[in-house]
Amino acid sequence: MRLGEKPKLIDENGRRIDGRLPDELRPIRMEVGVLKNADGSAYVEYGNTKVIVAVYGPREIHPKHLTLPDRAIIRCRYHMTSFSTTERKSPAPTRREIELSKVIREALEGVIFTELYPRTSIDIFIEVLQADGGTRTAGITAASLALADAGIPMKDLVAGVAVGKVDGVLVLDINEVEDEYSEVDLPVAMMPSFKEITLLQMNGVLTEDEFWEALKLAEKGIMKIYEVQRETLMSRYSKVRAEVEE
Amino acid sequence: MPIYVQNRELVTPGTLLAENEKFKLESPTVFKYSNKIYASTIGLVDISNGRINVIPLEGKYIPKVGDLVIGLIEDYGITYWIVDIKSPYKAILNVAEALNRPFNPLKENVKNIYDIGDYVLARVIAFDRTKDPILTAKQKGLGKITKGRIVEIIPSRVPRVIGRKASMITMLKNETKCQITVGLNGRIWIIGPSPELEEIAILAIKKIEYEAHTSGLTDRIRNFIRKEIEKRGLKVNEIRRKT
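Residues numbered from 1 in each chain as written. Chains lettered and ligands numbered in written order. Predicted model: local features only at pLDDT ≥ 70, side-chain atom pairs only at ≥ 80, totals over all residues. Heavy atoms only, no water.

## Concerning unusual backbone geometry
- Note that the residue after G57 of chain A, namely P58 of chain A, is joined by a cis bond; omega there is -5°.
- Mapping P58 of chain A onto the fold places it in strand β3 (residues 49–60).
- Geometrically, the link from H62 of chain A to P63 of chain A is a cis peptide bond, its omega value of 0° lying close to zero.
- In this structure, P63 of chain A sits in the loop between β3 and β4 (73–80).
- Despite not being glycine, N35 of chain B has its phi angle at roughly 70°, a positive value.
- Structurally, the position occupied by N35 of chain B is in the loop between β3 (30–33) and β4 (36–39).
- Despite not being glycine, K177 of chain B has its phi angle at roughly 60°, a positive value.
- Along the chain, K177 of chain B falls in the loop between α2 (167–176) and β14 (179–182). (Helix = DSSP H or I, 4+ residues; strand = E, 2+ residues; numbered from the N terminus.)

Shown next, in the form of structure tokens:
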């Protein structure tokens, strides 16, 4: 394979470039309460994609004129560290990051009971430490964990995953290489307990049947991620319980 | 009408608690959605006499009228102070609510009564969605805190420090011989007969905070305090005679 040439993404055995099956997630690791200063925080890994999130709030709004009299405002910043990609990324927010901040905020706004905290703000900071595809969905997964860790009342956790179509096959949780040469990229975020979609973007072309199949695949992945999220949130407390109650 | 969880079970946001139940919902830690009841925060399930609730483990202090709080003076104006009560809302304490005599701003400065950085024991007298909390320091026992120590804990774990029918706090006071005042905003004021006993009281409160979601806590804390007292070779009974 020459440089810049499209690699073979699905081999003879139907395995993907990193050895996964089409409906297999990357190894997932999560942790909550990783930052002491923040009211809530979380760290999430989807394979080589690594994201850290801090949540502050509900707290006073600065600047004051953004205040809403009936509910809290949610501010979200998605940012990629300059060392997150192989080539240095300028730390200034790019067009892409500003847009992702907005869609992620909208994916989370629907689950938070903002009307409980009028005149306050809830600030979410998503920092991508290492990017290998699926950073926005990993960001959403981590942000919802951090919000739960901050004790902010919400309807459900939110989990996200991207589905792609590579070499004509629908695959779950695409990584950077697959994303680069894929025909379709379809990031999805859902409230798993209610099966409500909070984020749905698509790049490329799918037939209707393929779309529904892709969505089903995403749901399957999201349910698995949700289980890990719940276990992560509970493990902090059950560990202390086991420690003292034996 | 099934209930899907057990009493004192640990739940996360979005966990289905019960279906079609005629439970009363009284806190924002639970919510109803198409006739089903769900949890909205991480916490412990509490089912008792027709109520289903989730006792939250995390979260900020939200003021309630009548709450005793410990505030930190953050700033002052001509006739008022801005007080930090560890809440998303800054509290206001007017001079009229701190002094029992007339106050003339031309002759006096509020700074000489409470300065920035002072801790004040106060009570919330007004708060709603549209207005910031208003405090009073005029009732008996309220006012500037001049001695002792302040410990901060997560506000949602304060009920554990008090305990059922104040059992925990009574035990703490008896065992450590300290005067303990609990601000509902997660600040606790301790005055002890000796620095060592204050230290032990602080350690015990921190332990309660850390183990807030476990059971059999009161006994464990009592043993912890006794062990600490013994370890330091303190003679608690003599202190009792002195005070």
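So, next bit.
## Topic: the nonpolar core
- Ranked by size, the top nonpolar core spans 73 residues in total, and within it V53, V55, I124, I126 and L147 of chain A carry the most contacts.
- Here this core takes 11 residues from helix α4 (residues 208–245) of chain A, the largest share from any one element.
- I124 of chain A has contacts with V53, A54, V55, I74, R75, C76, R77, L108, A143 and L147 of chain A, leaving out every residue within four places of it along the chain.
- Counting 26 residues, the second-largest nonpolar core is a separate cluster that includes V161, V182, I225 and V236 of chain B. (Core = buried A, V, L, I, M, F, W, Y, C linked by side-chain atoms within 4.5 Å. Buried < 20%, exposed > 50% of the residue type's maximum accessible area, 1.4 Å probe, protein only. Contact = heavy atoms within 4.5 Å.)

## Comments concerning the packing of α2 of chain B against helix α4 (residues 217–231) of chain B
Residue and element names in this part refer to chain B.
- One way to put it is that α2 packs onto α4 with a least axis distance of 10 Å and a crossing angle of 10°. One way to sum up the angle between α2 and α4 is to call them roughly parallel. Seen along the crossing, α2 lies across α4 with a hand that is right-handed. Between α2, through M168, M171, L172, E175 and T176, and α4, the contact on the second element is made entirely by L217, T218, I221, R222, I225, R226 and I229.
- Here the residues of the contact of α2 with α4 sort into seven nonpolar, two polar and three charged. (Axes fitted to C-alpha atoms, helices over the stretch in contact; angles between N-to-C directions. Parallel < 35°, antiparallel > 145°, perpendicular 65-115°, else oblique. Left-handed = near helix turned anticlockwise from the far one by under 90°. Nonpolar A, V, L, I, M, F, W, Y, C, P; charged D, E, K, R; others polar.)

## Points about the interface of chain B and chain A
- Taken together, the contact pairs 36 residues of chain B with 38 residues of chain A.
- For the pairing of chain B and chain A, the buried interface totals around 3,100 Å² over both sides, and the portion due to carbon and sulfur atoms is 58%.
- Of all residues in chain B, L10, K60 and R129 of chain B bury the most surface against chain A, accounting for 19% of the area lost on that side.
- Between chain B and chain A we count three salt bridges in total.
- Here R119 of chain A and D132 of chain B are joined by a salt bridge, their closest N and O atoms 2.9 Å apart.
- Linking chain B to chain A there are 16 residue pairs in polar contact (both at pLDDT 80 or more).
- Among the secondary structure elements, those contributing two or more residues to the side of chain B that touches chain A are β3, β4, β10 (119–128) and β11 (131–136) of chain B.
- Partitioning the side of chain B that touches chain A into residue classes produces 15 nonpolar, 10 polar and 11 charged. (Buried area = accessible area lost by both parts, 1.4 Å probe. Salt bridge = Lys/Arg side-chain N within 4 Å of Asp/Glu carboxyl O. Polar contact = N/O pair within 3.5 Å; in protein donor to acceptor, adjacent residues only side chain to side chain.)

## Remarks on the sheet that holds strand β1 (residues 28–32) of chain A
Residue and element names in this part refer to chain A.
- Spatially, five strands are ordered β1-β2-β3-β5-β4 in an open sheet, and the strand pairing comes out mixed. Two strands lie at the open edges of the sheet, namely β1 and β4, each paired on one side alone. The average undirected angle you get between the axes of adjacent strands in this sheet is 15°.
- When strand β2 (residues 40–46) meets β3, the two strands line up antiparallel, connected through seven bridges. By the bridge assignment, Y43 is partnered in β3 with I52.
- In the packing of α4 onto the sheet, contacts are made with β1 and β2, and the angle to β1 comes to roughly 35°. (Pairing = 2+ DSSP bridges.)

## Some points on the packing of aromatic side chains
- By the definition in use, this model includes nine aromatic pairs over all chains.
- Aromatic side chains F194 of chain A and Y33 of chain B sit 5.0 Å apart centroid to centroid with 85° between the ring planes, which places their arrangement in the edge-to-face category. Pair noted here: F194 of chain A is in the loop between β8 (184–191) and β9 (196–200) and Y33 of chain B is in strand β3, and the two residues belong to different chains.
- A connected cluster of aromatic rings, assembled from ring pairs, spans F113 and F194 of chain A together with F31, Y33 and Y38 of chain B.
- A cation over a ring is seen here: K155 of chain A above F194 of chain A, with NZ or CZ 5.0 Å from the ring centre. (Phe/Tyr/Trp six-rings, centres within 6.5 Å; stacked < 30°, edge-to-face > 60°. Lys NZ or Arg CZ within 6 Å of the ring centre and 35° of its normal.)

## A closer look at the sheet that holds β3 of chain B
Residue and element names in this part refer to chain B.
- If you trace the three strands from one edge of the open sheet to the other, you get β2-β4-β3, paired in antiparallel fashion. Strand pairing shows two members of the sheet lacking a second neighbour, β2 (16–19) and β3, which therefore form its edges. Averaged over neighbouring strand pairs, the angle between their axes works out to 25° when direction is ignored.
- Bridge analysis of β3 against β4 gives four bridges, and the strand direction is antiparallel. Following the sheet pairing, F31 is matched in β4 by Y38.

## Regarding the domain arrangement of chain B
- Looking at the assigned domains, one finds that chain B contains domain 1 (10–56), domain 2 (68–145) and domain 3 (149–238).
- For domain 1 of chain B versus domain 3 of chain B, the separation of C-alpha centres amounts to 30 Å. (Domains from an automatic or database assignment.)

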